[in-house]
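Residues per chain are reported as follows:
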Amino acid sequence: MDALLAAPEDGAGWGALLKWLWWFVSLRFLLALLAGYAIQRLVMPRHRWVFLPIAAAISVTLALAFPQTSPDETLDRTLRVWAIIAAGQVTGLAACLWRDAISIGLTALAMGLVLALTPRRAQRGIVHLLQLLVLLLCALVGIDLAYQLATGQPGSLRVLLFAVLNAKELAPLVASETTPFRVLAIAGGILVAAAWAWRQRALASTPLFGGPRAFLGGAVALALSLAIVLPTPAHGVLPLLRHTEGTLITLAMTAAPTLAHDVQVKVAQEFERTHKPRWHSAHMALKETEKTNRRNVVIVMLESVRAESTTLHTPALQTTPFLWNLASKSLVVEDMTAVIPRTAAAWMAVLGGQYPLANEGTQSWANENRKQPRIRSLPSVLRDAGYATSFFTPTDLRFQNDLDVIDTFNFEFIQTEQELIHPEAERVTYFGIADEWVVQPILDWTAAQSRAKRPFFTAIMTNVGHHNFETPSTWLKMRFEGVSNPKLEAYYNCLRYIDGVLSTLIEGYRRLGVLDDTILIIVGDHGQMFDEHGARQIHNAIYQEGLHVPALIYAPGMALQPGTVRGPRQQIDILPTVVELLGYRVEGAELPGQSLLHAVDASRKLFYTSSIDWSFLSARRGQRKYIYSFDRQPMEVFDLDKDPKELVALADIDAQELASTKQDMLEWRMHAELSMLARPSDGADPLSPWLRQ
């Protein structure tokens, strides 16, 4: 699988593709077998056994003609190195395919039983249905392979179901990742299965045969099926253990999460006892205090900006020089993380102050929230306090439930790509136009509020930086020394571009004369992966590259000493921070976050989940981090203090510690869902009991 992930990109040419294919010794064996068979049929058609020695001779000739060693090595060493590499590749291939053979056995046994029980008059239709099922299974395997080639991450039935249900919205993303090789990965198995179905088309009208041959076939299928109970090959056989388990078997294992019944009961009992979810904000309001100071608030959420790729966290990397300069006059959050690597989830955490749900959960929540609001947000309660509120983004929000999420926040004024579109505006990503086109509309709206002497709250979501990492064609790209990954260099240029837009925006606020009365918070919505841990997308990767984001607070008109906010922090901490900076007190709500203006326990617990529901959960206890895949593979545990890149998982972790952490993660996940979906029985009465949904 590592070799498959190293397949050359489209621009590499046929020469690079052939050179890469030639690396696979198993393909050379296949070529030798085909050549040996052809020579035998042409030269000695009556001696079938001859093709094996001919094929062996061709294999040795290829090994000597294309050696894996330097030209000055001895013949003996050349053959030994070739044999070792060949044995390793063939063993790895066998390890990958052995449970796929079991899948074939299971399928054959099931189909045989179905046909044996089918009345003769219905046999033709059943055979066609079974052939169609084989085509669909081959397509499923191909899609799973193409998904892993594109993202570097294992697929699951939940991922595939999500893609099918959101095919229209995901079409631009899929199109940007489509290559001939990935199309071949999907189409190859389908075409082979279709060719088999055509060759065996007479099967539908042929009576079933019995006798020893039928029983032998059934016995082989049964033996292969029973082999499913055998253990998978040792982990050292192949870097990616998942592929030793069989594609169809592994996908079947991902169909449903492993949930502990006692966890479900515990969460339900707590709800019955308290009559409320653990966190809630349906009746949230701001109460003025003697410290109340109605300053303006601007929150800028940066699309796909990970901390380690900014100058703030890697000073030698000149991607965000303006932010670096601003940081010297700001409170910089050292260890800020997203909850879910998904933009709409960041909105819920930052603006709603609640633990967000994954994609599927957000869909359910959006449907229920239309009937009766479940949460109140920062812009909503500030609007009650007399603030003008606005949301600006140069992206098109008609993706999944993004518009539903933004509508929930009750902004007074919203502008997206639909309203900002301009004849000269270049669409740099498949989601929207360049960020520079949103700056002047923001300043125009701000100027109107300044003239009306209204305090304002503005939330801004950037666009450039999103996959597939394009900048406006008129913007001069720069070279970053030592960067060999073209996607990563393109991403760095995106950050440099965004940094310039932020400089222009803040200078605009300064010219309007509102900056000294404004609290500015800049935070990443989530990170991004560039082959770290083999991943190139972040929705199902909850390593630090996808979670750790930059964050700072710049309030030039306040007595806020520049410095560093230390300790484990999360996006849910931003809402309580803004409330404290404004001198208000939250009433009628229980929020999970803690103000950034106060120290936190170094062993604070943080929780995360992938954006595809029930794929991965993660937890942190201080600097110890756990990644849980619902028992599809062993839980990974890292020490972020000693291993911030999460390169080497800790070994020999106490089983009780793992079990306790798993319980904590599942409880958190269910409490988060309950908190978002539960509702008060009487929306106007804060004392009314809550209903589960």
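This one's a predicted model, so the numbers in the text were calculated from it and none came from an experiment. All residue numbers refer to positions counted from 1 along the written sequence of the respective chain. It should be noted that, the model being predicted, local features are given only for residues of pLDDT at least 70 and side-chain atom pairs only at 80 or more, the latter also being counted only at that level, while totals for whole chains, interfaces and linings use all residues. Side-chain metrics in this entry use all non-hydrogen atoms of the structure; hydrogen atoms and water are not considered.

1. Description of the overall build of the protein chain
And step 1. Labels follow the DSSP assignment, with helices taken as runs of H or I lasting at least four residues and strands as runs of E lasting at least two, numbered in each case from the N terminus. Of regular secondary structure, the protein chain possesses 23 helices and 21 strands.
And step 2. Three labels apply to residues, based on accessible area from a 1.4 Å probe with only protein chains included: buried if under 20% of the type maximum, exposed if over 50%, partly exposed otherwise in between. Classification of the 693 residues of the protein chain by burial places 50% in the buried group.
And step 3. Summed over its atoms, the accessible surface of the protein chain is roughly 32,400 Å², and 61% of this surface lies on carbon and sulfur atoms. Only the protein chains shown count as cover for residues, and all accessible areas are computed by the Shrake-Rupley method using a 1.4 Å probe.

2. Overview of the sheet that holds strand β19 (residues 636-639)
And step 1. Two strands make a pair as long as DSSP finds a minimum of two bridges between them. Overall, antiparallel pairing links the four strands, which are arranged β16-β17-β18-β19 in an open sheet. What marks the edges here is a single partner per strand, and that holds for β16 (605-609) and β19. Recorded for the sheet is a direction-independent mean angle of 15° between the axes of neighbouring strands.
And step 2. In the sheet, strand β17 (residues 617-621) pairs with strand β18 (residues 624-628) via five bridges, with the strands oriented antiparallel. Its bridge partner being in β18, Ser-618 is matched across the sheet by Ile-627.
And step 3. Docked against the sheet, helix α23 (residues 655-677) engages β16, β17, β18 and β19, running at close to 115° with respect to β17. Geometry is summarised by axes, namely lines fitted to C-alpha atoms with helices restricted to the contacting stretch, and by angles between N-to-C directions that run from 0 to 180 degrees. Contacts were defined at the residue level, with two residues in contact if any of their heavy atoms lie within 4.5 Å.

3. Points about the sheet that holds strand β14 (residues 569-570)
And step 1. On the basis of which strands lie adjacent, the open sheet formed by three strands has the order β11-β4-β14 and mixed pairing. If you trace the sheet from one side to the other, it starts and ends with β11 (548-549) and β14, each paired once.
And step 2. Across two bridges, the pairing between strand β4 (residues 336-337) and β14 is parallel. When the sheet's bridge partners are listed, Thr-337 is paired in β14 with Gln-570.

4. Topic: helix α19 (residues 436-451)
And step 1. In this model α19 runs 24 Å from its N-terminal to its C-terminal C-alpha over 16 residues, within 8% of the 22 Å that 1.5 Å per residue would give.
And step 2. Among the residues of α19, those classed as buried are Val-438, Val-439, Ile-442, Leu-443, Trp-445, Thr-446, Ala-447 and Gln-449.
And step 3. Trailing α19 by a residue or two, Lys-453 shows a phi angle of about 55°, which is positive. How far a helix is expected to stretch is found by multiplying one less than its residue total by 1.5 Å.

5. Side note on a nonpolar patch on the surface
And step 1. Judged by side-chain polarity, Ile-39, Leu-42, Val-43 and Met-44 come together as a nonpolar surface patch covering roughly 390 Å² of accessible area.
And step 2. Mapped onto the secondary structure, Ile-39 falls in helix α3 (residues 25-43). In this scheme, patches are assembled from residues that exceed 30% relative accessible area and form no salt bridge. Like charges are connected within 9 Å, while nonpolar side chains (Val, Leu, Ile, Met, Phe, Trp, Tyr) are connected within 5 Å. Just to be clear on terms, a salt bridge is a Lys or Arg side-chain nitrogen sitting within 4 Å of an Asp or Glu carboxyl oxygen.

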